[in-house]
Amino acid sequence: MASPASASSSSSSLMWFRKGLRIHDNPALQHAAARACGPLYPVFVIDPRYMEPDRAAFSPGSSRAGVNRIRFLLESLADLDSGLRRLGSRLLVLKGEPGEVLLRCLEEWNVGRLCFEHDTEPYYQALDKRVKDFASAAGIETFSPVSHTLYDPADIIARNGGKPPLSYQSFLKLAGKPSWAASPLSTTLASVPPVGDVGRCEIFEVPTLIELGYNETEQDEVAPFRGGETAALTRMKEALSNKAWVADFEKPKGDPSAFYKPATTVLSPYLKFGCLSSRYFYQCIQDIYKDVKKHTSPPVSLLGQLLWRDFFYTAAFGTPNFDKMKGNRICKQIPWSDDEQLLAAWREARTGYPWIDAIMVQLHKWGWMHHLARHCVACFLTRGDLFVHWEKGRDVFERLLIDSDWAVNNGNWLWLSCSSFFYQYNRIYSPITFGKKYDPNGNYIRHFLPVLKDMPKEYIYEPWKAPLSIQTKAKCVIGRDYPNPVVSHDMASKECRRKLAEAYAVNQRLNGTVSDEDLKSLRRKLEEDQEKELRHTKQRR
Ligand code: FAD
């Protein structure tokens, strides 16, 4: 490898894209382009573990990601490549374990400056440490700015005495106005220095799904959202063109069943991959607020939604084992069940509750659902009905969502399961009446569960109640064409409340020191109580 002295005097730079798949408001790219006096190598490394098909997985995709998110990522890379070409450069796609590939490029191209966006996820924290250690030993300058979020989570945590704020209001108080918001962001780049000789490194074009080994027919409905910065900016401009809509935006009021025209922006997949800068989105919303007489405020406003994102990023960064129940100091210890059959029924949209199953089908087909729809299925799986561990549901979302985001997904599962942040376990979403409020005719269910498309409106949310003659006429006999409910919601939700009450009491009594043994004995007690209750019910009958 090049000696530290020769490396530091090298004029070539490497821009390492991971998230931040954009040209606008990309401080790492701007820095690399402005400082380069030699070639600039824009690199993306395809990690086969993340991208290549895994036929054993429960849905089409790799071992880590569903095919919808892989497609979205490939589209985002192709769009980034086009954007870079317009500026006189291109995207260099390499394949392999990202750390190894990157170190090889740094050596091969005698890089003097390495630029990449700072990332707070544990996976990147470990990877980036390895790369930074190497760069520092080799005398390579690194520049790794915070630009994925509005704030630097480390800064907020430091201002809070070393711990992340755990309520949204205290987060807002600490956060204040982001420091960069004092002056307009730089959203254009005149040119990018050309790529240099790539030497022995094998460079690929952005692959297609087929080239990665996927079969286009693996899916019957493709998510209607195209990846990439161009689509992100168009989508954002379209959403923000209606200033009254932005000013009046109130999250809990949206219709979760609206799917032809969703009730929210659907910018989450673009924010996840950084095709859209959250800071630019923030700035554009603020510009609208300046123009209108009055507007809604956090937590329900559109700006408030972006702040939720930063809230979860900060909580996640400052909480060891944020993605687990065990060893997570902000997570209630609850003896969740590991019933594989109930989990499979939920995951495969066979719970027998059309509202829940339709949402799960939308997750499989589109990789995106409205926030309240996510609430309903997450509550149903965990504290509402099935009492299955939130980590299992989190895994399913993590794989299938196109906006799957480590901090936000874990944070919301902690919230919905009443494990952290939110503790009102008596407030359970009904899998029958909640959806009906928004969509009495069940159009959403008819679209995503066509087996029920001819079920009369009276029974669309509870088809098992339809007389057999009506089921036959609707060509959907319950138990044959569509399942019976896996649990009775009334009984199951009552049981869940009782279990949560007992688990909360144990957590309070032991004050954060619930051991495996305590959980085991609580589980035993809950099971015995459940059996007793069943016996009593039978006797009463
Ligand atoms: P909008 O309402 O238009 O909001 C704009 C942006 O604000 C979103 O794009 C998103 O970046 C952010 N935002 C909105 N709501 C939240 C929230 N509750 N928490 C954090 N940020 C928010 N969102 C993800 O981006 N990735 C996930 O993996 C994810 N997993 C979730 C899991 C569960 C169980 C639940 C209940 C919610 C989850 N969410 C997740 C949060 C939320 O549902 C989505 O961000 C939102 O529905 C995306 O749609 P939108 O872009 O139209 O949102």
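Residues numbered from 1 in each chain as written. Predicted model: local features only at pLDDT ≥ 70, side-chain atom pairs only at ≥ 80, totals over all residues. Heavy atoms only, no water.

You'll find the protein entered in an unreviewed UniProt entry as (6-4)DNA photolyase, with Eucalyptus globulus given as the organism. UniProt, in the comment section headed Sequence similarities (unreviewed entry), describes the protein in these words: "Belongs to the DNA photolyase class-1 family." UniProt's Catalytic activity (unreviewed entry) comment on the protein is quoted here verbatim: "(6-4) photoproduct (in DNA) = 2 pyrimidine residues (in DNA)." (UniProt positions renumbered as here; feature names shortened; annotations may be inferred.)

Of the voids in this model, the largest pocket is the one considered here, and its volume is about 1,200 Å³. Of all the elements in the fold, those that place two or more residues in the lining of the largest pocket are α11 (268–272), α13 (302–317), α16 (371–384) and α18 (406–416). Taken together, the residues that form the lining of the largest pocket break down as 25 nonpolar, ten polar and eight charged. (1 Å grid on protein atoms, 1.4 Å probe; cavity = no way out; pocket = protein on both sides within 12 Å on 5 of 7 lines; lining within 4 Å. Points joined across faces, edges and corners; volume = space filled by probe spheres on them. Helix = DSSP H or I, 4+ residues; strand = E, 2+ residues; numbered from the N terminus. Nonpolar A, V, L, I, M, F, W, Y, C, P; charged D, E, K, R; others polar.)

Our focus in this paragraph is the pattern of salt bridges. The full count for this structure, using the stated rule, is 36 salt bridges. The salt bridge involving D395 is made with R394; its shortest N-O contact spans 2.8 Å. Overall, D395 belongs to the partly exposed group, its relative accessible area being 38%. Here K525 and D529 are joined by a salt bridge, their closest N and O atoms 2.9 Å apart. Remark: D529 and K525 occur in helix α23 (residues 516–540); sequence separation between them is four residues, near one turn of the helix. Each of the salt bridges in this network shares a partner with another, and the network as a whole consists of E495, R498, E502, K525 and D529. (Salt bridge = Lys/Arg side-chain N within 4 Å of Asp/Glu carboxyl O. Buried < 20%, exposed > 50% of the residue type's maximum accessible area, 1.4 Å probe, protein only.)

Moving on, we come to the packing of helix α8 (residues 168–175) against α13. Relative to each other, α8 and α13 sit at 95°, their axes nearing to 10 Å. In this view, α8 runs roughly perpendicular relative to α13, as classed from their interaxial angle. For the pair formed by α8 and α13, the contact residues are Y168, F171 and L172 on the first element and G304, L307, W308, D310, F311 and T314 on the second. Taken together, the residues of the contact of α8 with α13 sort by class into six nonpolar, two polar and one charged. (Axes fitted to C-alpha atoms, helices over the stretch in contact; angles between N-to-C directions. Parallel < 35°, antiparallel > 145°, perpendicular 65-115°, else oblique. Contact = heavy atoms within 4.5 Å.)

Glancing now at unusual backbone geometry. The peptide bond linking P298 to P299 adopts the cis configuration, its omega dihedral lying at 5°. By the element assignment, P299 lies in the loop between α12 (278–291) and α13. The backbone of D25 sits at a positive phi, close to 35°, despite the residue not being glycine. Looking at the secondary structure, you find D25 in the loop between β1 (12–17) and α2 (27–35). Positive phi is not limited to glycine here, since F387 has a value of about 60°. Along the chain, the position of F387 falls in the loop between α16 and α17 (390–400).

Around the ligand there are 30 residues in total, and T264, T265, V266, H371 and D403 lie nearest to it. Between an oxygen atom of the ligand and a side-chain N or O atom of K251, the distance comes to 3.0 Å. In this structure, an oxygen atom belonging to the ligand sits 2.5 Å away from a side-chain N or O atom of T265. When atoms are counted within 2 Å of each cavity's grid points, the one that captures over half of the ligand is the largest pocket. Broken down by secondary-structure element, the contributors of at least two residues to the shell around the ligand are α11, α13, α16 and α18. Each residue belonging to the shell around the ligand can be placed in one class, and the counts come to 16 nonpolar, nine polar and five charged. (Near = heavy atom within 4 Å. Polar contact = N/O pair within 3.5 Å; in protein donor to acceptor, adjacent residues only side chain to side chain. Sits in = over half its atoms within 2 Å of the grid points.)

Moving on, we get to the UniProt feature "site: Electron transfer via tryptophanyl radical" (unreviewed entry) in the protein. Look at the UniProt record and you will see "site: Electron transfer via tryptophanyl radical" (unreviewed entry) annotated at W336, W390 and W413. A maximum C-alpha distance of 13.5 Å among these annotated residues, which run over 78 residues, shows that they cluster at one spot. Residues that both appear in the annotated list above and line the largest pocket are W413. Residue placement: W336 occurs in the loop between α13 and α14 (340–347). If near-sequence neighbours (up to four positions away) are discounted, W336 is found in contact with M325, T382, R383, F387, V388, H389, W390, S417, S419, L500 and R523. Mapped onto the elements of the fold, W413 is located in helix α18. Leave out the neighbours within four places in its chain, and W413 touches W346, A378, L381, T382, W390, G393, R394 and F397.

Spatial strand order, β3-β2-β1-β4-β5: five strands in an open sheet with parallel pairing. A strand with exactly one partner marks an edge of an open sheet, and here the two such strands are β3 (92–95) and β5 (141–143). For this sheet the average axis-to-axis angle between neighbouring strands, irrespective of direction, equals 30°. Across four bridges, β1 lies against strand β4 (residues 111–115) in parallel orientation. Looking across to β4, one finds that M15 is bridged to C115. (Pairing = 2+ DSSP bridges.)

Moving on, we get to the packing of aromatic side chains. Counted under the stated rule, the structure contains 38 aromatic pairs. Centre to centre, the rings of Y41 and W109 are 4.1 Å apart; their planes meet at 10°, and the pair counts as stacked. Taken as a pair, Y41 in strand β2 (residues 40–46) and W109 in the loop between α5 (98–108) and β4 lie far apart in primary sequence, 68 residues in all. In this pair, the class of Y41 matches that of W109, namely buried. When the centroid spacing of 5.5 Å and the interplanar angle of 80° are considered together, the rings of F312 and F421 count as edge-to-face. One end of the pair, F312, is in helix α13; the other, F421, is in the loop between α18 and α19 (433–438), with 109 residues separating them in the sequence. This pair shows no difference in class: F312 is buried, exactly as F421 is. Taking the ring centre of W180 as reference, the NZ or CZ of R279 above it sits at 5.3 Å. For K499, the ring lying beneath its charged end belongs to F387, and the centroid distance is 4.8 Å. (Phe/Tyr/Trp six-rings, centres within 6.5 Å; stacked < 30°, edge-to-face > 60°. Lys NZ or Arg CZ within 6 Å of the ring centre and 35° of its normal.)

All right, on to the nonpolar core then. One broad trend across soluble globular proteins is that nonpolar side chains are buried collectively. In this structure, L276, F281 and W346 are the most contacted members of the largest nonpolar core, which totals 147 residues. Ranked by residue count, the leading element in this core is α13, at ten residues. The contact partners of F281, leaving out residues within four places of it in the chain, are M236, L240, T265, L267, L271, L276, L302 and L306. In this structure, L102, C105, L106 and V111 belong to the second largest nonpolar core, which totals 24 residues. (Core = buried A, V, L, I, M, F, W, Y, C linked by side-chain atoms within 4.5 Å.)

A few words now on the environment of K251. Within the secondary structure, K251 sits in the loop between α10 (243–248) and α11. For K251, a relative accessible area of 17% translates into the label buried. Spatially, the C-alpha atoms of K251 and N110 are 50 Å apart, while their sequence positions differ by 141 residues.

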